[in-house]
Structures are given as C-alpha cells and as structure tokens.
Protein chains: 2
Amino acid sequence: MKTAAGPIAVIDSGLGGLTVADALRKALPAEDLIYFGDTAHLPYGNKSPATVAGFVRQIIQFLSPMKPKHVVIACNTATALCLPTMVAEFPEISVSGVIEPGARAAVVAAGAKPVPTIGIIATEATVRSKAYGRAILQRRSMAQVLLRATPLLVPMIEEGRSSDDPVVDLALRQYLQGMISRKLDVLVLGCTHYPLVKKAIARVMGNKVRLIDSAEQCAQDVALRLRRKHLLREVNVNASGEVGSFQSFVTDDPDRFATLAARFLRMKIRPPVLVEPRDLYILAAPAPWKVSA
Amino acid sequence: MKTAAGPIAVIDSGLGGLTVADALRKALPAEDLIYFGDTAHLPYGNKSPATVAGFVRQIIQFLSPMKPKHVVIACNTATALCLPTMVAEFPEISVSGVIEPGARAAVVAAGAKPVPTIGIIATEATVRSKAYGRAILQRRSMAQVLLRATPLLVPMIEEGRSSDDPVVDLALRQYLQGMISRKLDVLVLGCTHYPLVKKAIARVMGNKVRLIDSAEQCAQDVALRLRRKHLLREVNVNASGEVGSFQSFVTDDPDRFATLAARFLRMKIRPPVLVEPRDLYILAAPAPWKVSA
C-alpha cells in the first residue's frame, strides 16, 4: 500500500539525475527524496540494454524495502533501454521515466505546426534505442525527428566544463551542424546532464529553436502523477523553513560524488552512503541461501 | 607449474589494452593471447581504488582456470590503483602492469640529464594515485615530474576521433599548455588509449619532446619477463604464416567491441565471448555453496 509518507526515489547512472532531483526539490519541497547514483557502473550511455537493465533492476531491488511511493528513472539511457521491463518486473512499485515527459513537452512546444522538425541530442544508447522517435511520432505522426548522439557532453560536464568552455563550444558546433541546417523547431536535451551546458546549446542553435529540458519535464510529470493519486504530502514548507529530507546512495567514492553533486544541485550535500557493487549483486542474485526452508 | 604452452592474458577496462595486445602480437607472434575487456564497468579512470580492485580481482579469478603463464594489467588506471594488491592476492600467478615499464623508458629517454623534466598525461585516477611519480623518482630522484589528467581523451578516442579532429587538437592544447611552457624532455602517454592520438600529441608538444608509449613499453617488458623465465614458445611463425591464437572476452556488447577493436588492433576480430557482470560477481563471491562438504 503506497502512502503519502513514503519517499520519492530518483535513480541514475551517476550525477545527471541530480538535475531531476533538483527540479523535484523545487516543485515539491515537502517531499523526502532518495537518490541512487550508480557511480561504479557509470556511464550507461555506451552500454547494452541487457547490461543496463541488470544494473537498474539491482537498484530497484535495493530501494524497495524503503517503500518509495514512486521511483523515477532519471536517466534517459536507462529509460530508453529498460523502463518497460522494470514496469513489468515490479508491478507493486510505481515507476516512471524521463523520455515520455520530454517527448510530450517537445510536441507541445512545436505548437500547431502539422509537420514540425524536432531534434533530440542524447547518448549513443538512447539514440540507438529510437525511444524518443517513437514517443514523439505517437503524438505527432508527421513530425520530422532528427537524432544525434553527442557522447562527449557527459564527460565534458563531469570534468567541470561549462557553457563558456571553447572545447564545449567546438564540439557542439560539430554535433549540431546538421540540425542547424535543417532549421529545427524544437530541440530536446535528451540526457539529464545537458541542462548544465544549456547556454552553450542555445548559443549554437540560435534563439528560434525551443529547447526542452528533459529533467525539468520529468520532475513536473512526477509531481502530476503523485497529485492525481493523492500521494503528495499535506504538509508544506513550514514557517521554520523545514523541508523534506534528501538521502543519497552511490556505488563508488562518496566524497567525489558529494563534490561534483554541488554543481548539479546548487547546494552542498553530505557525502552519500556507499553501497558496494558486490552487495548489490548479492542482494539481486537468486541465491540458494535466500530459498526459505 | 607455469609452462611455455599457456597463454598470455591481457586485461583492461575495455579497449585501451588492445594497444598492448597489438604490440605483443608483433613482438611475440607465436604466443596465444587472451584478452579480457571489462566493457560493462568501463571506464576505470574516474573510479576509486577499492572499486577498480574489485573489478580486476574478478577478472583474474575468471582467467585463472585458463592457466595463463602471465597476466598483464594493460590499463594504467588499474595498474596504478591495484597492481600490488593483485600481486599479493595471486601469488601463484605471474602478474605485471604498465606503469613500471613506462617510467623506466621515460628515464632512459631523458638520457644523462641529472634533472630532467618528465611529464605524464593520464586519467584522473592514475594522476591521483601518484604511481608514475614514485616509479620515476625511484630511478632519477632529482627529476621534475609534471602530471596532468586528460579525461576527455578516452571518450574522444572511443567515439572514433583521430589526430586530425579539431576538438582533439583544441582539448590537447588546453591540457598541455602548462607542460609546453615548462619545456619537457619527455612526455609519457600514461593511458593505453593515447597512442591512437599520438600524432596530435606530437604536433602540440613539438619535436623536441620524446614521447613514451606505455603500451609499447609494456609489451616489451612482458616479452623480457617471459624470455628470462624461459617461458617463450619455441615455435615461431612457421612457413604457412601460422601464429598464436587470439581469444577475447568482454562483459558487455561483443559486437560493439569487435567494431571498435578493429581500430586498435589494425585487424578484424571475431566478436568476443560475453561474460555477464553478474556471472563474474557470483564466481568471485565467497558464497556458501562453494564451501566444500
């Protein structure tokens, strides 16, 4: 039985999902958040569906005893490669992803135009999955959908580069060249890291292209889902400024995570709890010792 | 009992170690090679010593039944973070790494100069470990050692970018600026991926700086170790051109590996055998069902 008291769980390969957590904190300040960053296995963006599903399954199994009222897969790659699998495997848990909300917002942003041109930049695995194309064409079957993998953006952002960096600018000009010449109506930032270089993307694309931040859209979608089910907390930020808690877990190096997280969350956090990869595997394994006597 | 008949095992986080395998194939064409690329867990370069040691331990345990006459950790990060641990944990297996040979070659290349200036470019984790500095200072205690993490080079190379790419050129000019102004004698390419953009590094550094290819040096070191122990195969490439076998294993997406491997090995290979991450964990776990009755 899900109650309003449970936390919202946000899961990601590493840091990118913090942009979703940040948007959730702003939209729903009274909610308790749990964040799981799978930093031992990151990135997911160049890995196969089976491998990524294996990682995500373990994380949901790990979080399940904390009774989350909702689990959001705040990673475009993981959503693209395994959201339907996870929804099917965990019927007792409410699970959503980051692609449907982004696709929906892209179609809305395209307005009444019957044949809009919508671009998506994402990781190699997200592009290969074609999940964005499907989600957009379901809503606007005549849309022209252009996909481009931009695999250097995540490592650039994790290295600390921002919109002012000339290497970011040059790489974006290379990646987006084809999209600029096709005169896009809308460009979806199809990876939760990308909002951190949104300024550079806007500069390169010009001001006629609407940019859709998939992290922002995802947070709004979670809020809507919980509101509809009457699972939002009654209490709101009280007079003393008390807000929901934020607890995080990682599979590697909590200190490194805490340092990098400050840039994504625009606030300092305590170092997260370390969950060793091997403990996740053992938890998830259908091992003989778990068979009840 | 090690015999000349066993294979040489080359292990890496992914593709980079193939530059070592390539150099070994050239130096010792009669030897059988086993390659293990831990592609589900790559990259190692931004992960912690405990996590990387956990991955490498599993791989050595997996390879051990194949009776390798030597295991070479063909990854600078893994060597920097856990070679001594692996040597201690597997006394029955002969294990070496890629840093000592590179450091040795750097000191030789610096010639008789009492205070040479030696630069090393590597991953974030290799730089943090200070392993190269220690290895160089043991041999030339007055050397000036400059370290620089160059975290974008691996994703750039894995994306297929080469020395002619303007993004590679610009990133290298940023990373190497400090080293150019310090007038290096020698620069060590402290990651087995980097030989693939050696031309660009040489262009940026100028022709007065000697470049040390850690992959090449590592292969020569393995050949020397086996020769000294009389473990090299007697047979050599025979008249029909028959050479040692090449068998590879990966933890994710064999087809993607085979495609990318062609660039590193300068030859096509069959898709490797897939070893799922979960099977590695189960193999390595001190599980109850392994306790003998």
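The structure we're discussing is the one just above.
What comes next is a walk through the structure. Since the structure is predicted, the reported quantities are computational estimates derived from the model, not experimental observations.

1. Quick look at the overall build of chain A
In step 1: Regarding its fold elements, chain A presents twelve helices and ten strands.
In step 2: The globule rule puts the C-alpha radius of gyration for 293 residues at 19 Å, and the 19 Å found for chain A is close to it.
In step 3: Along the first, second and third principal axes, the C-alpha set of chain A runs to 65 × 40 × 40 Å.
In step 4: Here chain A, with 293 residues, has 60% of them falling under the buried criterion.
In step 5: Look at the contacts in chain A between residues 6 or more apart in sequence, and 77% of them connect residues 24 or more apart.
In step 6: Accessible area for chain A stands at about 12,300 Å²; split by element, carbon and sulfur atoms hold 56% of it.
In step 7: Positive and negative side-chain charges of chain A, numbering 36 and 25 respectively, have mean locations separated by a distance of 8 Å.

2. Section: the sheet that holds strand β6 (residues 144-149) of chain A
In a beta sheet, neighbouring strands are held together by backbone hydrogen bonds and run either parallel or antiparallel to one another.
Residues and elements named next belong to chain A.
In step 1: Spatially, β6-β5-β7-β8 is the arrangement adopted by the four strands of the open sheet, whose pairing is parallel. The sheet is open, and its two borders are formed by β6 and β8 (210-213), each paired with just one other strand. With direction set aside, neighbouring strand axes in the sheet form an average angle of 20°.
In step 2: Sheet topology note: the strand β5 (residues 117-122)/strand β7 (residues 186-189) ladder contains four bridges and is parallel. Bridged to Ile-120 within β7 is Val-188.

3. A look at the relation of the copies chain B and chain A
In step 1: With an RMSD of 0.0 Å, the fit of chain B onto chain A corresponds to turning through 180° and sliding 0.0 Å along the axis. Taken together, the rotation and translation describe the operation of a two-fold axis. Closest to the rotation axis within chain B is the C-alpha of His41(B), separated from it by 2.6 Å.
In step 2: An overlap of 100% is found between the interface residues of chain B and their copies at the interface of chain A, pointing to a shared contact surface.

4. Some points on the nonpolar core
The nonpolar side chains of a soluble globular protein tend to be buried, and buried together.
In step 1: Among the nonpolar cores identified, the biggest contains 157 residues, and Ile201(A) and Ile201(B) are the most heavily contacted of them.
In step 2: Grouped together as the second largest cluster of nonpolar side chains are 60 residues, Cys75(A), Phe249(A), Leu280(A) and Tyr281(A) included.

5. Description of the interface of chain B and chain A
In step 1: Tallying the contact residues gives 38 residues for chain B and 38 residues for chain A.
In step 2: Of all residues in chain B, Leu152(B), Arg278(B) and Tyr281(B) bury the most surface against chain A, accounting for 18% of the area lost on that side.
In step 3: Seen at the junction of chain B and chain A, the total is two salt bridges.
In step 4: A salt bridge links Glu124(A) to Arg256(B), with the nearest nitrogen and oxygen atoms 2.7 Å apart.
In step 5: One can count 16 residue pairs in polar contact (both at pLDDT 80 or more) joining chain B with chain A.
In step 6: Within the residue set of the side of chain B that touches chain A, elements represented by two or more residues are α2 (49-63), α5 (124-129), α7 (153-158), α8 (166-181) and α12 (277-284) of chain B.
In step 7: Counting residues per element, the side of chain B that touches chain A draws most heavily on α8(B), at six residues.

6. So, the pattern of salt bridges
In step 1: Under the counting rule described, the total for this entry stands at 32 salt bridges over all chains.
In step 2: Salt bridges sharing partners connect three or more residues here, namely Asp22(A), Arg25(A), Lys26(A) and Arg266(A).

Definitions and cut-offs
- Residues numbered from 1 in each chain as written.
- Chains lettered and ligands numbered in written order.
- Predicted model: local features only at pLDDT ≥ 70, side-chain atom pairs only at ≥ 80, totals over all residues.
- Heavy atoms only, no water.
- Helix = DSSP H or I, 4+ residues; strand = E, 2+ residues; numbered from the N terminus.
- Rg over C-alpha atoms; globule rule 2.2 N^0.38 Å.
- Buried < 20%, exposed > 50% of the residue type's maximum accessible area, 1.4 Å probe, protein only.
- Contact = heavy atoms within 4.5 Å.
- Areas by Shrake-Rupley, 256 points an atom, 1.4 Å probe, with all protein chains shown as cover.
- Lys, Arg positive; Asp, Glu negative; His and termini not counted.
- Charge placed at Lys NZ, Arg CZ, Asp CG, Glu CD.
- Pairing = 2+ DSSP bridges.
- Axes fitted to C-alpha atoms, helices over the stretch in contact; angles between N-to-C directions.
- Least-squares fit on C-alpha atoms with pLDDT ≥ 70 in both.
- Core = buried A, V, L, I, M, F, W, Y, C linked by side-chain atoms within 4.5 Å.
- Buried area = accessible area lost by both parts, 1.4 Å probe.
- Salt bridge = Lys/Arg side-chain N within 4 Å of Asp/Glu carboxyl O.
- Polar contact = N/O pair within 3.5 Å; in protein donor to acceptor, adjacent residues only side chain to side chain.

Fair warning: the whole summary comes from geometry, so function is off the table for now.
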